[in-house]
Amino acid sequence: MKRTNLFQRLEKYNGKFIDFNGWEMAISYDGTLKEHAYVRNDSGFFDVSHMGRLHIDNNHIDILNKLVCGNILKNESNTALYTMILNHDGGVIDDVIIWKFDTYLILICNASNTKKVIDWFNKHELETTYMNNETSLLAIQGPNVIDKLTNDIPIPEKFECLVSKNKLFNDEIIIARTGYTGEDGLEIMIKHNDDIKLIDLLDEIMIPPCGLGSRDTLRLEASLPLYGQELNENISPVEVGFKWVINFDHDFNGKDKLLQQVENGEHKYIKRFVIDERIVARHGDKVTSGNVNGVVTSGNYSPILGKSIGFALFESKPESYSIKLTIRDRLVDGKLIKGRFLGKQ
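We now turn to the structure provided with this report.

Analysis parameters
- Residues numbered from 1 in each chain as written.
- Predicted model: local features only at pLDDT ≥ 70, side-chain atom pairs only at ≥ 80, totals over all residues.
- Heavy atoms only, no water.
- Helix = DSSP H or I, 4+ residues; strand = E, 2+ residues; numbered from the N terminus.
- Rg over C-alpha atoms; globule rule 2.2 N^0.38 Å.
- Buried < 20%, exposed > 50% of the residue type's maximum accessible area, 1.4 Å probe, protein only.
- Contact = heavy atoms within 4.5 Å.
- Areas by Shrake-Rupley, 256 points an atom, 1.4 Å probe, with all protein chains shown as cover.
- Lys, Arg positive; Asp, Glu negative; His and termini not counted.
- Charge placed at Lys NZ, Arg CZ, Asp CG, Glu CD.
- Salt bridge = Lys/Arg side-chain N within 4 Å of Asp/Glu carboxyl O.
- Polar contact = N/O pair within 3.5 Å; in protein donor to acceptor, adjacent residues only side chain to side chain.
- Pairing = 2+ DSSP bridges.
- Axes fitted to C-alpha atoms, helices over the stretch in contact; angles between N-to-C directions.
- Core = buried A, V, L, I, M, F, W, Y, C linked by side-chain atoms within 4.5 Å.
- Arc of directions from axis to C-beta.

## Considering the overall build of the protein
A tally of regular secondary structure across the protein gives eight helices and 18 strands. A compact globule built from 345 residues should have a C-alpha radius of gyration of about 20 Å, and the protein, at 20 Å, falls within 12% of that. Along the longest, intermediate and shortest principal axes, the C-alpha atoms of the protein span 60 × 45 × 35 Å. In the protein, buried positions account for 56% of the 345 residues. The long-range fraction of contacts in the protein, counting pairs at least 24 apart against all pairs at least 6 apart in sequence, stands at 66%. Counting every atom, the protein has about 15400 Å² of accessible surface; 46% of that belongs to carbon and sulfur. Computed over 41 positive and 49 negative side-chain charges, the inter-centroid distance for the protein is 5 Å.

Right under this line is the structure:
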């Protein structure tokens, strides 16, 4: 299995490590529920260095702009854009974050999709530089993160990013005020010779490590999709309920298909659901809304809401907000919700 550059340093926290898509990653350190609470109520950090990081020269921005459904050209420098790389049928090749600077872009993609993304870009003659061999990526998340770090690291505005030459580190670091938890926080890309210094700083200001278990419960509670579950090459941004990431004012792969889906509503639907008891629906469990069949894509228990929550993929538009789920041979009542699970960012 592959390991991030911080693996040995993180082993000192005595976490539980698992095989995650070929990477040896921590599932938890103090327990998923405790780590979930750290991030919701205070702060925590995640080593997400397994995620792909690609440097793209701004001379190639027009090519990239045709491969994603968001319009990067409209973004100002030092801003972050969440968008999706689409195939010609509007399916999602990957969902990505793009940090835009004056002369270059940093694109962050899912670890399991990095090779696929690079191959897709190569097919469209988009040149990229793979940055993982020289950098680490940390996500530092929680309502108290900004206050804890403000004396040591420059803080960008929300969904903005900056490059900093900091006295604590030998090389420049890139800081973005983005994340995947529904909380405020930072994502920091840092060179390998400085990354352990950053971990030492987080120790000093009492920001604990968190594993992939809490990262999943936090993102689900924040109503954020996970590639391979809510997103894949046969599901579009419209079907996942993320029309807000689409900017139709430019040409991009799958545009006509998405316009058709928006206009006629004849497509698959991913919806959020809650169950008013502790039983947890899991990926693959069957669900029905009237005569419309579906399947659970993600499910877990929400520590904050005290309920079971999840996403379900329906074959067509659900007929009712009342649903039936088959969970371990038991028929369970649930309900679809309109908004997010939590009223956060």
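Next comes the rest of the account.
## Brief notes about the side chain of Asp47
By the element assignment, Asp47 lies in strand 3 (residues 44-47). No salt bridge is formed by the buried Asp47; the nearest opposite charge belongs to Arg53, separated by 7.2 Å. Polar side-chain contacts of Asp47 include one of 2.6 Å to the side chain of Thr4. One polar contact links Asp47 to Ser49, side chain to side chain, over a distance of 2.6 Å.

## Remarks on the sheet that holds strand 11 (residues 173-176)
Think of a sheet as strands paired side by side through backbone hydrogen bonds, with each pair either parallel or antiparallel. The strand order across the open sheet built from five strands is 3-9-12-11-10, with neighbouring strands paired in antiparallel fashion. Edge strands, defined here as strands with exactly one partner in the open sheet, are strand 3 and strand 10 (161-164). Across the sheet, the axes of successive neighbouring strands diverge by a mean angle of 20°, strand direction being ignored. Of the strands in this sheet, strand 3, strand 9 (135-141) and strand 12 (185-191) are in contact with helix 6 (residues 195-204), which crosses strand 9 at around 20°.

## Details of the nonpolar core
Phe45, Ile140, Leu149, Ile188, Leu198 and Leu202 are the most contacted members of the largest nonpolar core, which totals 24 residues. Broken down by secondary-structure element, the contributors of at least two residues to this core are strand 9, helix 5 (145-149), strand 11, strand 12 and helix 6. For this core, the element with the highest residue contribution is helix 6, accounting for four residues. Discounting residues that sit within four places of it in the chain, Leu202 has contacts with Phe45, Leu138, Ile140, Leu149 and Ile207. Of all hydrophobic cores here, the second largest spans 21 residues; its members include Cys69, Val92, Phe242 and Ile309.

## Examining the pattern of salt bridges
Going through the model one piece at a time under the given rule, you end up with 19 salt bridges. Between Lys335 and Asp276 there is a salt bridge, with its nearest N and O atoms 3.9 Å apart. Here Lys335, found in strand 18 (residues 330-337), pairs with Asp276, found in the loop between strand 13 (269-275) and strand 14 (286-289); they are 59 residues apart in sequence, far enough to count as distant. The class for Lys335 is partly exposed, based on a relative accessible area of 37%. Residues joined by salt bridges that share partners form a network here, namely Arg9, Asp200 and Asp203.

## Section: helix 8 (residues 255-264)
Those residues of helix 8 lying buried are Lys255, Leu258 and Gln261. In an axial view of helix 8, the angular spread of the buried residues amounts to 125°, which keeps them on one side of the axis. Residues of helix 8 that are exposed and angled more than 90 degrees away from the buried face: Asp256 and Glu263. Close packing links the buried residues of helix 8 with strand 5 (79-86). Gly265 occupies a position one or two residues after helix 8 and carries a positive phi of about 70°.

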